[in-house]
Amino acid sequence: MSDEPQSTTDASKKIKSINKEAVHQICSGQVVFDLAIAVKELVENSLDSGATTIEVKLIDYGKSCITICDDGSGILECDFEELCLKHHTSKLKDFSDLTSIDTFGFRGEALSSLCALGDVTIITKHSTCEHTFTLTFDKNGKLTSKEESPHKQGTTVHVKNIFKTLPVRLKEFERNIKKEFSRVVQVLYGYCLVSVGVKIKCTNSIGNKPPILIVSTNKASKVLENVKSVFGVKAIDGLKEIVMEFPNEEILEEYKLPLNIPIDFTWECYVSNSNHNVGRSCPDRQFFYVNGRPCDLTKISRLINHTYHKYNNKQYPFVFLNLKLKQDCADVNVTPDKRKIFFTQEQLILATLKTNLQREWESSQQIFSLSTDYNSIKKGRSKRNISPVNDSFPSPKRHQFSNLKKESKDINDQNNENEQFEQFQNPSKEKKKVINLKELELMVVRDSTIMKMETTLERIRNKLQTQKEQKEPDETKLKRMKYKIQLSQKNEDAEKELEKELTKDSFKNMQIIGQFNLGFIVTKLDSDLFIIDQHASDEKFRFEKLNNETKLKTQLLIVPKLLNLSTLNETILIDNQTIFEDNGFSFAINREASQGHRVKLIGMPVSGGWQFDEQDIEELIFLIKEDGLGDSGIFRIPRPSRIKQMLASRACRSAVMIGKTLNPIEMHKIVTQMSTMKNPWNCPHGRPTIRHLFSQCFLT
C-alpha cells in the first residue's frame, strides 16, 4: 500500500455528519415553507393553550411582522429555556403517544423553525405567575434575553423579517406576497369556522396606515353562526345539515365492503343543496376536518364535487365536514404541515358520504319552484333542474345538457343543438344506413380522393382475431390506452395518458384515413388508429381562440351599485381592474371610503341575451386569487364560468357540425389545428375529442 497522504479530493468525499446548525437551517425551511404555514402553526399553539380570543396582526401582508396574540394559559417560567429548541414539547414523550394526541401541535418544530427563518420575540404571562416576561431567541432557538414587562395573561408571538435567512425563498415570497396573503386568509377561514366559543380576528396594516379588518368571529357556539360571521348571512342560504345514515347495499358493494361492517365514526356536515344558484361558481368554500383539525381530504373532496355535479354540473357546493373518529383510527403525522391524513376506514367513509349526499341531493331535485319575484320574472329566470344525460363516445349524439339554464339564450342554444341532433337522426334513408352499426360505411382517403368502403363489425373482429393468432404484437411498441374518457366526469387519468402518448407534434404527423359516419375522422399514427370527433375538436379550437382574444363590451348602469366585498376581495379587485374590464365589468373606486365599501359597479358586460351579476365578479376574484393569470408565461384572460359558457356556445354554433361531409383538406385542417390547442382532449362541454381505437390493425 502507498504511504502517500490521502488526496484532498478523496478526503472531501468522506461521509461525515452534518453539523447541528446546518441541519437546523435545512429542516426549518421544510417545516415552515410559506406564510400560511407560519400563521397556521402559531394559531394552533394559541388554540392548544386554551385561548378564547386570538388576534392575528400582519404588517405589510406579513412581510415585516407577524403577530399572534392570545389570552391562553401562557408559558411557565421553567419552560423558557426549552421553548424554542428543536423537538422540545410538552405534548409528546413517546412515539406511542401519537395514538392518543388531541392537540394540534406535538412535534416541537414550529417555534424552533421560525427562529431559524426570522426574528422571534415572545411575551407571555402564565395564569399561575405574577410577572410577565419578554423573551428573545437566536436563530438556533436559544433564549438570549428575559425581561419583565407589563402584559395581561396569555402569550404574544412576534415574528419579524420571515425568510430573511433564505434569500431565494425571500425573493419568491416578496414576488408573490398578495397570493401568499390570500392563502393565509383561506387557512384562517378553516380555523374560524370550526373553533366554536373562540373569537379569531385578523388585521393587516400597510406602512403607517390604520389596520384593515380581514376576518373576525364572535365566540359563537355553533358552526353556522361562525359561517355567518365569516361569509355573511347569505352564506347559509341553501345549506343543509347531512344526518349520517348507514350506506345502502348497492354502494357498499361498489366499495367492496361487507353488509354488516361497523361504523366507528360520526360527523358534523353541512353542504349546499343542488338547486341552481345555491352553490358556488368555484370550490373556494370547502372545509374539511378530522376531529376539528383542518386538513386536505382529496378523495373526499373529489367524491363530493363529482356527486354534486350529477345534480348541478355548473357549480360547486359549500362544504363543512368535520369527521369525528378515534385517535388511533387516523394518522396525522404524514406531512410537515399535518394537512394530509390517513384513515383506517377510508372506503367506509367514502361509501357513507356518497349514500347520504345522493339521498339529500336527489330529494332536492324533486322540487320545482317558479319565482314570482318581479325582478326575476323581468330577467326571464326560473328555478328548474334536470338530470344529466350521459352520452357514450363515439356515438354522434348531442352534448350533455344538465341543469336547464335560467337565461333564455341558454334555452335557445339547447334547442338549436337538439334540432341539429334530430336532423342528423332523421336525414334520408341513405344516411340512416350509415348509422346502422351492422353495416358501417367508411369514407377512405387514398391519393387525395375519397373512396367508400363497406365493412361490418364482424369483419373487424375477425381481422383482429386473425392477426392476434398469427403474431402477438410487440409489447414495447403497443400503446396501452386503458382509460376511457366519460362525459360528466373528470378525466385526469385519461387526459394524462393521452398527453403521455401524444404530443402536440403527434397531430401534425397523423395520416388521415378517412371520415367515419359523417361525424368522425379516422387517423393513423405509426401503428395506432385514432378516431377524432370533427365537431368537438373544431369547437374546442374555436373556444380557446375566443377565450384568449375576446374582450366583452360594457353596458353602463343607470345607477351605480355599491359592492359589499370582504376587504381581501376588494383589494384583489382594485389591484386587477384590467382583468375585470377585459370581461366587461367597470368600477368606480373611492379610496377614501371605509374598507369593504370602496368599490361601486358602474358597468356590466353585455352580449346578446346573456346576463351577468355579482356572482361572476366573485368567481373572477377567486380565479385571480388562485393565480389564473397565465400558464408557462403565455398570457390569457381569466374567465368566470358563465362567460366561458357563452364563449362555448359561440364556438359550438360556428364549429363544423356532425353530418357534414369533409374533403381531405378540411379533415387535415381539423386534425392539425389540435396541435395548437392548450388542451385538445375534450370540448368545452366535456365531449371527448379523440379516442384510441386499436394498435397493429389495418383495414383493407
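Right, let's walk through the structure included here. Remember, predicted model here, so these are calculated numbers, not experimental data.

1. So, the overall build of the protein
Counting its regular elements, the protein contains 22 helices and 26 strands. With 700 residues in all, the protein has 48% of them scored as buried. Across the protein, contacts joining residues at least 24 apart in sequence account for 69% of those joining residues at least 6 apart. Of the roughly 35900 Å² of accessible surface on the protein, a fraction of 50% belongs to carbon and sulfur atoms.

2. With respect to helix 17 (residues 534-549)
Spanning 16 residues, helix 17 covers 23 Å between terminal C-alpha atoms, matching the ideal 22 Å at 1.5 Å per step. Taken together, the buried residues of helix 17 touch strand 18 (511-516), strand 19 (520-525), strand 20 (528-533), helix 21 (641-654) and helix 22 (664-673). Among the residues of helix 17, the N-terminal cap falls to Asp533, whose side-chain oxygen and the backbone nitrogen of His535 are separated by 2.9 Å.

3. Examining the pattern of salt bridges
Tallying each qualifying case throughout the model produces 22 salt bridges. Linking Arg542 and Asp538 is a salt bridge whose minimum nitrogen-to-oxygen distance equals 2.9 Å. Here Asp538 and Arg542 lie together in helix 17, a separation of four residues that amounts to about one turn. On the accessibility criterion, Arg542 (30% relative accessible area) is partly exposed. Across the pair Arg642 and Asp613 runs a salt bridge whose closest N-O atoms are separated by 3.2 Å. Note that Arg642 is positioned in helix 21 and Asp613 in the loop between strand 23 (599-606) and helix 20 (614-625), a separation of 29 residues in sequence. Linked by salt bridges that have partners in common, Lys40, Glu41 and Glu44 make up one network.

4. Focus on the packing of aromatic side chains
If you walk through the whole model with that rule in mind, you get 14 aromatic pairs. Ring geometry for Tyr311 against Trp361: centres 6.4 Å apart, planes inclined by 50°, an arrangement best described as tilted. With Tyr311 in the loop between helix 9 (298-309) and strand 13 (319-325) and Trp361 in helix 10 (residues 346-365), this residue pair connects regions lying 50 residues apart in the sequence. Judged by its relative accessible area of 0%, Trp361 is buried. Aromatic side chains Phe580 and Phe587 sit 5.5 Å apart centroid to centroid with 80° between the ring planes, which places their arrangement in the edge-to-face category. Cluster of aromatic residues (ring-pair linked, three or more members): Tyr189, Phe231, Phe287 and Phe318.

5. Points about unusual backbone geometry
The phi dihedral of Asn291 falls on the positive side, at around 50°, and the residue is not glycine. In this structure, Asn291 sits in the loop between strand 11 (286-290) and strand 12 (293-295). With relative accessibility at 32%, the residue Asn291 sits in the partly exposed group. A positive phi angle, near 55°, is found at Asn517, a position not held by glycine. Looking at where Asn517 falls in the secondary structure, it is placed in the loop between strand 18 and strand 19. For Asn517, a relative accessible area of 7% translates into the label buried.

6. Let's talk about the sheet that holds strand 22 (residues 586-589)
On the basis of which strands lie adjacent, the open sheet formed by three strands has the order 21-23-22 and antiparallel pairing. Whereas interior strands pair on both sides, the edge strands pair on one side only; in this sheet they are strand 21 (553-562) and strand 22. Neighbour-to-neighbour, the strand axes of this sheet turn through a mean angle of 20°, independent of strand direction. Relative to strand 23, strand 21 runs antiparallel, the two being bridged by six bridges. For Leu556, the partnering residue across the bridge sits in strand 23 and is Gly603.

7. Examining the sheet that holds strand 3 (residues 119-125)
Strand order across the open sheet formed by eight strands is 5-4-3-6-2-1-7-8, with mixed pairing between neighbours. Only two strands of the sheet have a single partner each, and these edge strands are strand 5 (143-148) and strand 8 (212-216). For this sheet the average axis-to-axis angle between neighbouring strands, irrespective of direction, equals 15°. Of the pairings in the sheet, the one linking strand 2 (residues 65-70) to strand 6 (residues 154-160) comprises six bridges and is antiparallel in character. Pairing of Cys69 across the sheet is with Thr156, part of strand 6. Its contacts with the sheet put helix 3 (residues 35-48) on strand 1 (53-59), strand 2 and strand 6, and the angle it makes with strand 2 is roughly 15°.

8. What to know about the pairing of strand 4 (residues 133-137)
Each regular strand shows side chains that alternate between the opposite faces of the sheet. The buried fraction of strand 4 amounts to four of the five residues, a majority that puts the element mostly inside the structure. The sheet contact formed by strand 3 and strand 4 spans four bridges and is antiparallel. Note that in strand 4 the partner of Ile122 across the bridge is Leu135. Sheet topology note: the strand 4/strand 5 ladder contains five bridges and is antiparallel. Opposite Thr134, over in strand 5, you have Glu147 as the bridge partner.

9. Topic: the packing of helix 3 against helix 4 (residues 110-117)
Direction vectors running N to C along helix 3 and helix 4 enclose 140°, while the axes themselves pass 10 Å from each other. Relative to helix 4, helix 3 is oriented oblique. Between helix 3 and helix 4 lies a crossing whose hand is left-handed. Seen from helix 3, the contacting residues are Ala38, Glu41, Leu42 and Asn45; seen from helix 4, they are Ala110, Leu111 and Leu114. Within the contact of helix 3 with helix 4, the residues separate by chemical class into five nonpolar, one polar and one charged.

10. A closer look at the side chain of Ser274
Mapped onto the fold, Ser274 is located in the loop between strand 10 (265-272) and strand 11. From its side chain, Ser274 meets the backbone oxygen of Trp361 in a polar contact 3.4 Å long.

Cut-offs applied
Residues numbered from 1 in each chain as written. Predicted model: local features only at pLDDT ≥ 70, side-chain atom pairs only at ≥ 80, totals over all residues. Heavy atoms only, no water. Helix = DSSP H or I, 4+ residues; strand = E, 2+ residues; numbered from the N terminus. Buried < 20%, exposed > 50% of the residue type's maximum accessible area, 1.4 Å probe, protein only. Contact = heavy atoms within 4.5 Å. Areas by Shrake-Rupley, 256 points an atom, 1.4 Å probe, with all protein chains shown as cover. Expected span 1.5 Å × (residues − 1). Polar contact = N/O pair within 3.5 Å; in protein donor to acceptor, adjacent residues only side chain to side chain. Salt bridge = Lys/Arg side-chain N within 4 Å of Asp/Glu carboxyl O. Phe/Tyr/Trp six-rings, centres within 6.5 Å; stacked < 30°, edge-to-face > 60°. Pairing = 2+ DSSP bridges. Axes fitted to C-alpha atoms, helices over the stretch in contact; angles between N-to-C directions. Parallel < 35°, antiparallel > 145°, perpendicular 65-115°, else oblique. Left-handed = near helix turned anticlockwise from the far one by under 90°. Nonpolar A, V, L, I, M, F, W, Y, C, P; charged D, E, K, R; others polar.

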